[in-house]
Amino acid sequence: MIKPLQPKCVAMDANEAAASVAYRLNEVFAIYPITPSSPMGEFCDEWAAKKKLNLWGQIPEVMEMQSEAGAAGAVHGALQAGALSSSFTCSQGLLLYIPNMYKIAGELHPFVLHVTARALATHALSIFGDHGDVMACRQTGFAMLCSNTPQEAHDFAAIASTTTLEGRVPFLHYFDGFRTSHEIQKVNLLSDDDLRSLLSEEAVSAHRTRALTPDRPAIRGTAQNPDVFFQAREAANGFYDRLPALVQKKMDEFGELTGRKYKLFDYYGDAQAERVIVIMGSGFEAACEAVDHLNQKGAKVGVLSVRLYRPFAIEHFLQALPATVKTIAVLDPGEPLYMDVVTAFAESDTRKVSKIIGGRFGLGSKEFTPAMVIAVYDELTKAKSKNHFTIGIFDDVTRTSLDYDTELDTEKDDVTRSVFFGLGADGTVSANKNSIKIIGEETDFFAQGYFVYDSKKSGAMTTSHLRFGPRPIRSTYLIRQANFVACHQSTFVEKVDMTTIARPGATFLVNAPGTPQQVWDSFPLEMQEAIIAKKLKVHAIDAFKVAKESGMPGQINTVMQTAFFALAGILPREEAIGQIKKAIQKSYGKKGEDIVKKNWTAVDNSVAALNEVTVPAAPTTKRRRPPVVSADAPDFVQRVTARMMAGEGDLLPVSAFPIDGTFPLSTTRWEKRNLAQDIPVWDASLCIQCNKCALVCPHAAIRTNFYPNAALAGAPETFKSTKFRSNENPDCGFTIQVAPEDCTGCTLCAKVCPAKDKSNLQKKALMMQPQPALLEQEKRNWDFFLKLPTPDRTLLKTDLKGSQFMQPLFEFSGACTGCGETPYVKLLTQFYGDRLLVANATGCTSIYGGNLPTTPYCTDAAGRGPAWSNSLFEDNAEYGLGLRLAADQLEIKAQLLLTKFAAQVGDGIVEALVKADQSTEAGIAEARRIVGALKQKLATVDQPEAKTLIQLADYLVKKSVWVLGGDGWAYDIGYGGVDHVLSTGKNVNILVLDTEVYSNTGGQKSKSTPMGAVAKFSANGKDTAKKDMALMAIQYGNVYVARVAMGAKDSQTIQAFREAESFNGPSLIIAYSHCIAHGYSMVNGFDQQKLAVESGHWPMFRYDPRRPARGEPEFVLDSAAPKVALSQYTKNEIRYQFLHKADPVRAKMLGDTAQANVNTRWAVYQQLADAAKAAVAPKAPVVPSAAPAAS
Amino acid sequence: MALDLSTTYLGIKLANPIMPGASPLVDSLDRVKAMQDAGASAIVMHSLFEEQIDREMKAEYAHLRRHEDVFAEAANFFPESDDYALGPQEYLAHIRKIKETCKLPVIASLNGTQIGGWVEYANLIQQAGADALELNLYYLATDGAISGEEVETDVLEIVRTVKAGVKIPVAVKLSPFFSSLSHMAKEIELNGADGLVLFNRFYQPDIDLEALEVVPKLDLSSPEELRLRLRWLAILFGQVKLPMACTGGVHSAHDVVKSILAGASVVQVVSSLLKHNPAHIRTLLTGLEQWMQEKEYASVAQMRGALSLQNCPDPAAFERANYLKILQVWRTN
């Protein structure tokens, strides 16, 4: 939401709070999206698109770069040339800034880098908060200033930005990722005048004077020799020496201006405290709560917040501590702060304490509660306190963890605590954000909102934690004892124990159909018991019915929001309703009266539809909540995975986890998410057995198989089978079977099904029908289906139909319903999964591919399957090359050893292996057979090298290395690597799942984004054409290149995959992937793919360097000349239509230019195809010209 | 001889009887200006469809809002923008722009789905500055449970309610598919309408034999379609006092002349403007003047209804007998 940048109290998160200052105080932003800092850049881009002005009446330039390294270079340049510049980042992105941070600091440029402190990827990636990233910058020469709350993020953005101009030392301004960056609080906004009064125009002018300009030429960035480098480095010391005082001076000025007073180190607690915790970041707030709790009971404790962390002003630090302090615990996610504190005392002649211990907390946004803080204070009282402890986990391995009271609740009763369980798509979070705005901005109450999401992109559960109270809210942790709990989806009662979070006597609201009695009866036994025991007041509303009757089918957010206000009693009911209506008017007024009216109707209808559920004295059911996973699940899944799935991951001890981030495959199959309302039902009589349904299924939830008829013995009654249409496989049955609990109901299978009833063309071989009625029967059928014998891979054709009889080794991922990427990934695993090494760039592919709790990659009956791994975002191609080089070296080693043992194992084996043609399935199977025989023979050889060969022998069977990622990686941040890997000639296959936008981080523009499309960082429609990476790759001449779109021509996709894999060199496949970021129903994803091709937006081709040797053209166009206008394709997608709504003139201009580009590009391709044909055309024999006739 | 081309339609005095009909022609302000320059006497906007507004809102929810706040890394997938409006805002803004661009009276057009929607949007259109409103009334009676009487009652209720809700004049655009169109027209008049527009043209289904799909199509009108209009203009002229607009099949100046002679106060042209260009209005006007001069008509008023059912020398030509007579002629040949 964009708000006017005017002084007032507004509910917002720290990202928005920091960005609103940065935007007004700068001229050039160079940015790159990375969670959770992306919204800061996005806000600036949106403001610039709306022509909002900075303090000097200019619209800042917001430039998206190809990587954080690029952004760092661009801001360095902008600063060097005299602009006021800023940027935003975190985590690995911040690491990419580091080289330039040294330069920027070394040259004393005034600059603020705003950072949402986030964990660094180590044994795993984490998008969540800790200080791993900022701690890696301590040595760069940047000042480091930490904000603990959204208000501070706003204030310190101003203090850092104005101090850096005067002090010339650049600042890293940071706050905790998610916990602060995404926590919504009431923020007092600084007005433009406030900022002006803090800002020294002289300092701005001095910065301009230092600008590099040919009008006053100077040179910076020299190379220096041993004679002078050292001295020159020390020359800047004074700026660092003066900085702490300068920051404090600015904080004092700020305090005068706003009344909000800050110190370099802020102490909170008893003035005579003996025990003190030193901490930095949002944890300070929870610690303050603990301090109040303890001191009210007579303890003497305090907590010190480190605000200016670099330079670490020892004097200020020591002064801030009470003179009485005897013991100190330093809390820090990584412990460098501990060293600073120890050093401070070591360097002090006057101050001594008896004990300093350090401990780690909060890694990857681990919960940090007052109870944990109290445990730390308790530890300080012990004669032998544990040092280098951990708090917040149970470390049963190295015994570092402190015990804490998990039941303790320090929150005051006058704080209303509400927790809402919603489904991702139901608008619960949006409605709650809205409620915070209402209470935060329209009343004197303080408000806090924090939102938790699960790891899935489809069917995800969201949990909203909202607090409202008469004092500022410092509880920087999830609500543990709520007075209001709302369940926005009735299906959750079967899956989640929502009552544990409810305080005794709390209100429980559930969205469920039926009478109050029916609602009560629908609760499982555990839930009924808890409600009775805790004396919860239960209310029910059929929100879906109310929404439908209000003209907004499916949109329950307004209904549930109204019900919350009606029951929670934070505001008088009438006032609350008035405020909700006002908020609706504000949100939707510009969108149209109709939306406003329908929402208003929903508000009015909601109150009337609320029913109180009478809670009986005893439970009325014996039905228990079903187990999280089936009893058949393997041990690890039962012990670890299931706990994570149940939301109990916090309770797992250290010993539960692999030590190096290695996790087992095949775990999504135990989740049984039951997301589909409708599932496909197969009519065998209509089916033409084309297997297209299985090909397009994004979740591998519909599969086909053929099997000897005899295998049908014992089939469930409802199991469907028909004669397999195959001359090679007579007497076989054929079945299409859906996995009813894993299907997400996207309907793509039914949409692509070409088999129609001749007399009723509405009727297809696959039709969607409601899942609940089919569930039990299809579960049995699915189980039976999985036990059927599978065809011999070596005999299967490698065409579309054959491919779908191969087991997908990628199933039931957390990808979006109707995902356009996963069908390609699945196909890859069907062909090569049993010999596949995957290097996966960070992004959607790595999230649905590798985000815990479960793993979609799985194994075949022989236990083989994809070996998958994610290194980083930027290095994926290089990482994949490394996998290739390793596999090659190990293969060479195995071959060398093989020749050594030739005599012992028999020449036949060696020869057979050398001769084995591993380009086919049969060849691979044969190689495996020989390797098996080899291992057996070697087992009898008593030599160390024989054991080595046994270990490495499997490398004699070909490994297929694939590098996967999206366009953000391949076109932007990883392009240098992609380009380099293509140039090496090595056998690495690169599959780019091109959604033309950064999908995972929320739709930011990439160089693949087409002209005219609206995306974040091109809010006014991208005005440059999509980069033609395929054409660029062709220029190498030795790279296999294909551009495919499964929805346009699936056979071409399959051909491209096979050709790429068989090409003994680098291959690049760019695959069109429809995406929810395009803004249309994914049901039509494959139709849009077709239109993309037919309109010439996505010409399909294959370039194969091998072909000329066979007398065939190296470049083949697989799609016909554009036959529909580009607008026929773009009109169906909101990403293009957005601009038509917002700026029709620009939309037309860009649309026309894009059409012209399509025409030009097609001509280029046509020429390439013609030239390739001509190059291999039989040359006409050269006929000597006839001799002139003799006259 | 100075010709008087002026006419009065919906109580508005117009310089001549030719105006563009409801179509996307008015999407471009350049084209609106060009039509004004070519001599159009009024501008008729394309229809505001309540159904479309409803769909846009649903699409906005389904494709934007539904994906918001679902996943920790992506609170949404598009830049937040309040620059675009859903619902009637875009249409209403366009009325304002046309009013700013040209001096001609603007007749807006509306197709509702619910009675509340009709009245609400009619009001908004009035507020946006439209000089008159054309109600684009059609109903495809696919449900066997709904009688013709019910359809007619609904139409009349819409007319009555909209009229009660707005001050600007209201024309009713009809389809020819009523059992007694004459009766219907009279009823519409009784319920307060200020004019009639004959007739609406619809998308018609076609069958794609390759894809085995039904494809809705709307082709440009052909001059043959005019005859149905001529007949009903002639029949209704005099029976109802309402001024009538002829639309559908007017391509040439002679078509304009015929329409007026049958009883139209104005003609609305679309297909011929799309085929040629907005300047074609000038050609039509010139042709009309030429014909009037040749036939020595001094004014359009003098022409109007001269060959209507009540005024033509052979009323049977418009009536059912017509059909029999032609057959007889054919038989005797």
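Residues numbered from 1 in each chain as written. Chains lettered and ligands numbered in written order. Predicted model: local features only at pLDDT ≥ 70, side-chain atom pairs only at ≥ 80, totals over all residues. Heavy atoms only, no water.

Participant: Help me understand the overall build of chain A in this model?
Facilitator: The helix and strand inventory of chain A stands at 41 helices and 35 strands. Here the C-alpha radius of gyration of chain A, 32 Å, is about what a compact globule of 1191 residues would show, namely 32 Å. The principal-axis extent of the C-alpha atoms belonging to chain A is close to 110 × 90 × 75 Å. Taken across its 1191 residues, chain A has 59% of its residues classed as buried. A separation threshold of at least 6 residues defines the contact pool for chain A, and within that pool the share at least 24 residues apart is 77%. Within the structure as shown, chain A displays about 45500 Å² of accessible surface, and the carbon and sulfur contribution to it stands at 55%. In chain A, 127 positive and 127 negative side-chain charges are present, and the distance between their average locations comes to 3 Å. (Helix = DSSP H or I, 4+ residues; strand = E, 2+ residues; numbered from the N terminus. Rg over C-alpha atoms; globule rule 2.2 N^0.38 Å. Buried < 20%, exposed > 50% of the residue type's maximum accessible area, 1.4 Å probe, protein only. Contact = heavy atoms within 4.5 Å. Areas by Shrake-Rupley, 256 points an atom, 1.4 Å probe, with all protein chains shown as cover. Lys, Arg positive; Asp, Glu negative; His and termini not counted. Charge placed at Lys NZ, Arg CZ, Asp CG, Glu CD.)

Participant: Explain the nonpolar core here, please?
Facilitator: Soluble globular proteins: nonpolar side chains tend toward being buried together. Residues and elements named next belong to chain A. Core analysis: the largest hydrophobic core is formed by 143 residues, its most contacted members being Trp-962, Trp-969, Ile-990 and Leu-991. Looking at which element gives the most residues to this core, the answer is helix H41 (residues 1144-1176), with 8 residues. Here Trp-969 is in contact with Ala-841, Phe-873, Asn-876, Ala-877, Val-963, Leu-964, Gly-974, Tyr-975, Val-978, Ile-990, Leu-991 and Val-992, once residues within four sequence places are set aside. Judged by nonpolar contacts, the second largest core, of 96 residues, contains Phe-43, Phe-171, Phe-317 and Val-330. (Core = buried A, V, L, I, M, F, W, Y, C linked by side-chain atoms within 4.5 Å.)

Participant: Help me understand a negative patch on the surface in this model?
Facilitator: Residue and element names in this part refer to chain B. Where like charges cluster on the molecular surface, the negative patch consists of Asp-143, Glu-149, Glu-150, Asp-154 and Glu-157. Along the chain, Asp-143 falls in the loop between strand E6 (132-136) and helix H5 (148-165). Residue Asp-143 is classed as partly exposed on the basis of its relative accessible area, which comes to 38%. (Patch = residues over 30% accessible without salt bridge, like charges linked within 9 Å, V, L, I, M, F, W, Y side chains within 5 Å. Salt bridge = Lys/Arg side-chain N within 4 Å of Asp/Glu carboxyl O.)

Participant: Hey, could you run me through the sheet that holds strand E2 (residues 28-31) of chain A in this one?
Facilitator: Pairing between the strands of a sheet is mediated by backbone hydrogen bonds and can be parallel or antiparallel. Residues and elements named next belong to chain A. Here we have 7 strands laid out as an open sheet, ordered E3-E2-E4-E5-E7-E6-E12, and mixed in their pairing. Two strands in the sheet have a free side with no partner beyond their single neighbour: strand E3 (61-64) and strand E12 (308-310). Pairs of neighbouring strands in the sheet enclose a mean axial angle of 20°, with direction left out of account. Pairing analysis gives 6 bridges linking strand E5 (residues 112-117) to strand E7 (residues 171-176), with the strands arranged parallel. (Pairing = 2+ DSSP bridges. Axes fitted to C-alpha atoms, helices over the stretch in contact; angles between N-to-C directions.)

Participant: I tried to follow the pattern of salt bridges on my own but got confused; where do I start?
Facilitator: When charged atoms on two side chains of opposite charge get close, those side chains can pair. Residue and element names in this part refer to chain A. Counted by the stated rule, this structure contains 75 salt bridges over all chains. A salt bridge links Arg-260 to Asp-155, with the shortest nitrogen-to-oxygen separation between them at 2.7 Å. With Arg-260 in the loop between helix H10 (237-258) and strand E9 (265-269) and Asp-155 in helix H6 (residues 150-167), this pair connects stretches of sequence that are 105 residues apart. Asp-155 sits in the buried class, given a relative accessible area of 0%. Here Glu-1094 and Lys-1123 are joined by a salt bridge, their closest N and O atoms 3.9 Å apart. Taken together, the residues span a long stretch of sequence, with Glu-1094 in helix H38 (residues 1085-1094) and Lys-1123 in the loop between strand E35 (1115-1117) and helix H39 (1126-1130) at a distance of 29 residues.

Participant: Is there a simple way to think about the packing of aromatic side chains in this case?
Facilitator: Remark: the centre distance and the inter-plane angle together describe each pair of aromatic rings, the angle taken between the planes. Residues and elements named next belong to chain A. Tallied over the full model, the rule gives 49 aromatic pairs over all chains. Aromatic pair Tyr-23 and Phe-29: ring centres 6.3 Å apart, planes at 10°, arrangement stacked. Note on Tyr-23: relative accessible area 0%, which makes it buried. Centre to centre, the rings of Trp-782 and Phe-812 are 6.4 Å apart; their planes meet at 65°, and the pair counts as edge-to-face. Highlighted residues: Trp-782 in helix H25 (residues 771-787) and Phe-812 in the loop between helix H26 (800-803) and helix H27 (822-832), separated in sequence by 30 residues. Overall, Phe-812 belongs to the buried group, its relative accessible area being 6%. Three or more aromatic residues link up through ring pairs in this structure, and these residues are Tyr-23, Phe-29, Phe-43, Trp-47 and Phe-88. Geometry around Tyr-450 places Arg-179 over its ring, the cationic atom sitting 3.9 Å from the centre. Taking the ring centre of Tyr-955 as reference, the NZ or CZ of Lys-959 above it sits at 5.4 Å. (Phe/Tyr/Trp six-rings, centres within 6.5 Å; stacked < 30°, edge-to-face > 60°. Lys NZ or Arg CZ within 6 Å of the ring centre and 35° of its normal.)

Participant: What am I meant to see in the side chain of B:His280 here?
Facilitator: All names here are of chain B. Here His-280 is to be found in helix H10 (residues 280-295). Only 3.1 Å separates the side chain of His-280 from the backbone oxygen of His-251, close enough to count as a polar contact. Discounting residues that sit within four places of it in the chain, His-280 has contacts with His-251, Ser-272 and Leu-273. (Polar contact = N/O pair within 3.5 Å; in protein donor to acceptor, adjacent residues only side chain to side chain.)

Participant: Looking at this structure, I do not really get helix H22 (residues 635-645) of chain A. What am I missing?
Facilitator: Quick reminder: α-helices carry 3.6 residues per turn. Residues three or four places apart thus point the same way. Taken residue by residue, H22(A) has A:Phe636, A:Val637, A:Val640, A:Thr641, A:Ala642 and A:Met644 as its buried positions. A:Gly647, located one to two residues past H22(A), shows a positive phi value of around 80°.

Participant: Just checking my understanding: could you explain empty space enclosed by the protein for this structure?
Facilitator: The gaps left among the atoms become clear once a water-sized probe is rolled over them. Residues and elements named next belong to chain A. Taken as a whole, this structure holds 17 cavities of 30 Å³ or more when the rule is applied. Along the walls of the largest cavity sit 35 residues, with Thr-842, Gly-843, Phe-873, Asn-1000 and Thr-1001 positioned nearest its centre. Within the residue set of the lining of the largest cavity, elements represented by two or more residues are helix H4 (91-106), helix H28 (844-850), strand E30 (960-966) and helix H34 (967-973). The element contributing the most residues to the lining of the largest cavity is H34, with 4 residues. Of the residues contributing to the lining of the largest cavity, the split by class is 15 nonpolar, 14 polar and 6 charged. (1 Å grid on protein atoms, 1.4 Å probe; cavity = no way out; pocket = protein on both sides within 12 Å on 5 of 7 lines; lining within 4 Å. Points joined across faces, edges and corners; volume = space filled by probe spheres on them. Nonpolar A, V, L, I, M, F, W, Y, C, P; charged D, E, K, R; others polar.)

Participant: Would you mind going over the confidence of the model for chain A with me for this structure?
Facilitator: When pLDDT is low, close inspection of the predicted coordinates is not appropriate. Here chain A shows a mean pLDDT of 95. Residues at 70 or above account for 98%. The low-confidence segment residues 1-7 of chain A, where pLDDT is below 50, has 24 contacts with residues more than four positions distant or belonging to other chains. (pLDDT = per-residue confidence, 0-100.)

Participant: I'm lost on helix H2 (residues 50-63) of chain B in this one. Help?
Facilitator: Counted at 1.5 Å a residue, the expected span for H2(B) with its 14 residues is 20 Å, and the 20 Å between its end C-alpha atoms agrees. Of the positions making up H2(B), those classed as buried are B:Glu50, B:Ile53, B:Glu56, B:Met57, B:Glu60, B:Tyr61 and B:His63. Contacts from the buried residues of H2(B) go to helix H21 (593-609) and helix H40 (1134-1142) of chain A together with strand E4 (43-49), strand E5 (106-111) and helix H4 (115-128) of chain B. (Expected span 1.5 Å × (residues − 1).)

Participant: Help me understand the sheet that holds strand E31 (residues 989-994) of chain A in this model?
Facilitator: Residues and elements named next belong to chain A. Here we have 8 strands laid out as an open sheet, ordered E29-E28-E30-E31-E33-E32-E34-E35, and mixed in their pairing. Taken across any chain shown, the strands that pair with only one partner, and hence form the sheet edges, are strand E29 (867-869) and E35. Averaged over all pairs of adjacent strands, the angle between strand axes in this sheet comes to 15°, irrespective of strand direction. Pairing geometry for strand E28 (residues 836-840) and E30, over 5 bridges, is parallel. Residue pairing across strands places Leu-836 opposite Ser-960, the latter belonging to E30. Together, strand E32 (1040-1044), strand E34 (1101-1103) and E35 form the strand contacts of H41, whose direction differs from that of E35 by roughly 130°.

Participant: Sorry, what's going on with the packing of helix H19 (residues 557-568) of chain A against helix H20 (residues 573-588) of chain A here?
Facilitator: All names here are of chain A. As a packed pair, H19 and H20 sit with axes 9 Å apart at the nearest point and diverge in direction by 150°. The pairing of H19 with H20 is recorded here as roughly antiparallel in orientation. Viewed along their axes, H19 and H20 form a crossing whose handedness is right-handed. Every residue of H20 that contacts H19 at Thr-558, Gln-561, Thr-562, Phe-565 and Ala-566 is listed here: Arg-573, Ala-576, Ile-580 and Ile-584. Its residues placed into classes, the contact of H19 with H20 shows 5 nonpolar, 3 polar and 1 charged. (Parallel < 35°, antiparallel > 145°, perpendicular 65-115°, else oblique. Left-handed = near helix turned anticlockwise from the far one by under 90°.)

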